[in-house]
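# Observations on the model geometry
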Number of protein chains: 2
Amino acid sequence: MEESAFIAALRDLATHPAARGLGDDAAVLEVGGETLVLTHDTLVQSVHVRTDEDPADIAWKLVAVNLSDLAAKGAVPLGLLVSHALGAGDERFVEGLREVLAAHDAPLLGGDTVGGMAKRAWGCTAIGRASHAPVPDRRGARPGDAIHVTGELGRAMLGMEERGSGSANDLAYRRPTPLLAEGQALAPHVSAMMDVSDGLLLDCWRMAEASGTCFELDSRSFPVAEPARKDACVRWGDDYQLLFTAPEGASLPVLATRIGVVRPKEAALLVIDGETIQNSDGLGYSHRA
Amino acid sequence: MEESAFIAALRDLATHPAARGLGDDAAVLEVGGETLVLTHDTLVQSVHVRTDEDPADIAWKLVAVNLSDLAAKGAVPLGLLVSHALGAGDERFVEGLREVLAAHDAPLLGGDTVGGMAKRAWGCTAIGRASHAPVPDRRGARPGDAIHVTGELGRAMLGMEERGSGSANDLAYRRPTPLLAEGQALAPHVSAMMDVSDGLLLDCWRMAEASGTCFELDSRSFPVAEPARKDACVRWGDDYQLLFTAPEGASLPVLATRIGVVRPKEAALLVIDGETIQNSDGLGYSHRA
């Protein structure tokens, strides 16, 4: 079954209002006067992580991508559950876990271990407490809003090429930083927010689609790490910057680049430099085969 | 790394009081005046589920084993996150998921899908609300308490042999029932509780160890589905009955069989019919290779 068909089938099962988590967004759950945010991601060897990856980097990325999902909700981490496939380099995995937990003050709450996997996989669930209601999601972009993205795109791409060098790009690839403080600061100001995990253009497409709008982008404004390879920088994933929309002219507490404007949905979901993008093929990294 | 060594290394990382979830127990987290219970389990093809298993049964078991962990905490399910490895029979997986969610009134909140797995794996996180404080765990057995187990052991073992027959045992194997109502009813009465996932004897060993006590069992009292194969019935996993301790003579709201008594810890963790068990090898199913 195609991933999109599978998600569509799940949506039919999920009538609970918290079930926005299907697909990519985190789940939002009201419990005892608190708003909780739950997210789950799995990394598979040779799909999401290279087979020669340092297990410490795998542990870091596993936790960071989940914390990044919390960041996009403006949530404060409460803790993590980690599912670990036992195998070579487990000591390094524990070391990476120690580092990422300390770096983001996120306690490890539990999890399980599994053995016997031909191709190893790791799962993580993060739980957080929303800092602002309503909790931002990818569905709230409104015509007239400005579209923004934090940071520079393409750092993870360059970092993969410079892997092991210890450069800033190498760290951006191996040790991505979930933008927790930025997400919490932005939450009261945005109409929609998500993290850029699969490439800026693909994630713009997805936010436009979820919001029932058209995103009109100006490629000259794209903040990229290597201008000569701008096209690649905005199609590569793993940057974990925050993509968000906010009313035009709004005063924002976080440095970000305005890359376009939200338009009413007509035929297209995405227009770049006046050119209509017909479908999402080639816009980014689609790892859900 | 051995699973036990890995868990020990994780314990060093997990200083948060909710981190009792490391190893097998669920995590317990106080948020906004509520006590939340979080559990995560992964099923791996040909390790935890047969390669020829109906994906509908895999979905059922995936959710049921997590709900069973909530049951042992006396928790009311709030929702589930499911991580699904795409592949053959996805329609059946969705169908099984539909059935298990409906049977236990547990909403699907979110999750993710992964592709490209040589050997498929599925993960599930369940979140629940504790119905009673303190939340029972495996560490609370006290000398003098009676040891009880619900139901009959060995049904899943017989069910695997009768697989596909549609018999009660077949259903016990393919479609285990998490004892949610029983766990909630028992929570105020027990000193320790866990679900029997890896065999009665092994789980008695684990509860005795976690509680710092010795469990003295009388094998004549073991409630088994096939008396002629009692030894196998109490070593086989997948029954998802509740094992608990309670003060001797306590009035219990759920039918259960008294199988022994808790003693102070001396040399042994487990004594059966007066015979000391020296180590946990062969006591049950240890799937965490």
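All residue numbers refer to position in the chain's written sequence, counted from 1. For naming, the first written chain is A and the first written ligand is 1, with later ones following in the order written. Per-residue local features of the predicted model are confined to residues with pLDDT of at least 70, and side-chain atom pairs are confined, for both listing and counting, to 80 or more; whole-chain, interface and lining totals are unaffected and use all residues. The side-chain quantities take in all heavy atoms of the structure and omit both hydrogens and water.

Right, let's talk about helix α3 (residues 90–104) of chain A for a bit. Residues and elements named next belong to chain A. To qualify as a helix, a DSSP run of H or I must reach at least 4 residues; to qualify as a strand, a run of E must reach at least 2; elements of each kind are numbered from the N terminus. Multiply 1.5 Å by the residue count of a helix minus one, and that product is the helix's expected span. The end-to-end C-alpha distance of α3 is 21 Å, a good match for the 21 Å that 15 residues give at a rise of 1.5 Å each. Buried means the residue's accessible area, taken with a 1.4 Å probe over protein chains only, is under 20% of the maximum for its type, while exposed means over 50%, and partly exposed covers the values in between. Within the span of α3, buried status applies to Asp 90, Phe 93, Val 94, Gly 96, Leu 97, Val 100, Leu 101 and His 104. Buried positions in α3, seen along its axis, are confined to an arc of 165 degrees and lie on one side of it. Turned more than 90 degrees off the buried face of α3, the exposed positions are Glu 91 and Ala 102. Just downstream of α3, Asp 105 is the residue with a positive phi angle, here 50 degrees. By arc we mean the arc of the directions from the helix axis to the C-beta atoms, nothing more.

Now for the pairing of strand β2 (residues 34–44) of chain A. All names here are of chain A. Of all eleven residues that make up β2, eleven are buried, and the element is covered over most of its length. Alternating residues of β2 divide into Glu 34, Leu 36, Leu 38, His 40, Thr 42 and Val 44 and Thr 35, Val 37, Thr 39, Asp 41 and Leu 43, and every residue in both groups is buried. A pair of strands is considered paired only if DSSP assigns at least 2 bridges between the two. Pairing analysis gives five bridges linking strand β1 (residues 27–31) to β2, with the strands arranged antiparallel. Along β2, the bridge assignment pairs Leu 29 with Leu 36. The sheet contact formed by β2 and strand β5 (residues 121–130) spans nine bridges and is antiparallel. When the sheet's bridge partners are listed, Leu 36 is paired in β5 with Arg 129.

A few words on the environment of Asp 218 of chain A. Residues and elements named next belong to chain A. Position of Asp 218 relative to the elements: it lies in the loop between β8 (213–217) and α8 (230–233). Its relative accessible area of 26% is what places Asp 218 among the partly exposed residues. Counting along the chain gives 180 residues from Asp 218 to Leu 38, while the straight-line C-alpha distance between them is 34 Å. Excluding residues that lie within four positions of it along the chain, Asp 218 makes contacts with Ile 259 and Asp 273. Only heavy atoms matter for contacts: two residues are in contact if any of them lie within 4.5 Å across the pair.

A few words now on the nonpolar core. Buried Ala, Val, Leu, Ile, Met, Phe, Trp, Tyr and Cys residues form a nonpolar core when they are joined through side-chain atoms within 4.5 Å. Counting 40 residues, the largest nonpolar core has Leu 80, Phe 93 and Leu 97 of chain A as the members making the most contacts within it. For this core, the elements supplying multiple residues, two or more each, are β2, α2 (55–71), β3 (75–85), α3, β4 (108–114) and β5 of chain A together with α1 (3–13) of chain B. When residues of this core are assigned to their parent elements, the largest contribution, nine residues, is made by α2 of chain A. Once residues lying within four places of it in the same chain are set aside, the contact partners of Phe 93 of chain A are Pro 55, Ala 56, Ile 58, Ala 59, Leu 62, Val 82, His 84 and Trp 122 of chain A together with Phe 6 of chain B. Counting 39 residues, the second largest nonpolar core, distinct from the first, contains Phe 6, Ala 9 and Val 47 of chain A together with Leu 86 of chain B.

Residues and elements named next belong to chain A. Where a domain begins and ends is set by an automatic assignment or by a domain database. Per the domain assignment, the segments of chain A are domain 1 (3–130) and domain 2 (146–277). The gap between the C-alpha centroids of domain 1 and domain 2 is 22 Å. Contact with domain 1, which involves 22 residues of that partner, is made by 19 residues of domain 2. A 1.4 Å probe defines the accessible area here, and the buried area is the portion of it lost by two parts on being joined, summed over both. By the criterion of area lost to domain 2, the three top residues of domain 1 are Asp 57, Lys 61 and Ala 72, representing 26% of everything that side buries. Salt bridges are identified by distance alone: a Lys or Arg side-chain nitrogen within 4 Å of an Asp or Glu carboxyl oxygen. For the pair domain 1 and domain 2, the interface holds six salt bridges. Between Arg 175 and Glu 99 there is a salt bridge whose closest N-O contact spans 2.5 Å. Within the residue set of the side of domain 1 that touches domain 2, elements represented by two or more residues are α2, β3 and α3. The element contributing the most residues to the side of domain 1 that touches domain 2 is α2, with eleven residues. Gly is put with the polar residues, along with every residue not named as nonpolar or charged; the nonpolar set is Ala, Val, Leu, Ile, Met, Phe, Trp, Tyr, Cys and Pro, and the charged set is Asp, Glu, Lys and Arg. When its residues are assigned to classes, the side of domain 1 that touches domain 2 shows eleven nonpolar, three polar and eight charged.

Here we come to the UniProt feature "binding site: Mg(2+) 1" (unreviewed entry) in chain A. UniProt positions are given in the numbering used here, feature names are shortened, and annotations may be inferred rather than shown by experiment. Under the UniProt annotation, "binding site: Mg(2+) 1" (unreviewed entry) lies at Asp 41 and Asp 112 of chain A. One can find Asp 41 of chain A in strand β2. Filtering out sequence-adjacent residues up to four positions away, Asp 41 of chain A remains in contact with Leu 62, Val 65, Asn 66, Asp 69, Trp 122, Gly 123 and Cys 124 of chain A together with Asp 112 of chain B. Residue placement: Asp 112 of chain A occurs in strand β4.

Residue and element names in this part refer to chain A. Only Phe, Tyr and Trp rings take part, Trp by its six-membered ring, and two of them pair if their centres are within 6.5 Å. Stacked means planes under 30 degrees apart, edge-to-face means over 60, and tilted covers everything else. According to the stated counting rule, one finds two aromatic pairs over all chains in the structure shown. Consider the rings of Phe 93 and Trp 122, whose centres lie 6.5 Å apart with planes at 15 degrees: the pair is stacked. Here Trp 122 lies in strand β5 and Phe 93 lies in helix α3, a separation of 29 residues in the sequence. The exposure class of Phe 93 is buried, given its relative accessible area of 0%.

Residues and elements named next belong to chain A. Orientation of α2 relative to α3, taken along the N-to-C sense of each, is 35 degrees, at an axis distance of 6 Å. The two elements α2 and α3 cross, and the hand of that crossing is right-handed. Residues Pro 55, Ala 56, Ile 58, Ala 59, Trp 60, Leu 62, Val 63, Ala 64 and Leu 67 of α2 touch α3, and the partners they reach there are Arg 92, Phe 93, Gly 96, Leu 97, Glu 99, Val 100, Ala 103 and His 104. Residues that form the contact of α2 with α3 fall into these classes: 13 nonpolar, two polar and two charged. Angles here are taken between N-to-C directions and fall from 0 to 180 degrees, while the axes themselves are lines fitted to C-alpha atoms, restricted in helices to the stretch in contact. A crossing counts as left-handed when the near helix is turned anticlockwise from the far one by less than a right angle, and as right-handed when that turn is clockwise.

As a further point, take the UniProt feature "binding site: substrate" (unreviewed entry) in chain A. Residue and element names in this part refer to chain A. Feature annotation in UniProt assigns "binding site: substrate" (unreviewed entry) to the following positions: His 48, Asp 238 and Tyr 285. In summary, the annotated positions, though distributed over 238 residues, converge in three dimensions, the widest C-alpha pair being only 10.6 Å. Looking at where His 48 falls in the secondary structure, it is placed in the loop between β2 and α2. Locating Asp 238 in the fold gives a position in the loop between α8 and β9 (241–246). Once residues lying within four places of it in the same chain are set aside, the contact partners of Asp 238 are Lys 61, Ala 156, Ala 172, Tyr 173, Val 196 and Ser 197.

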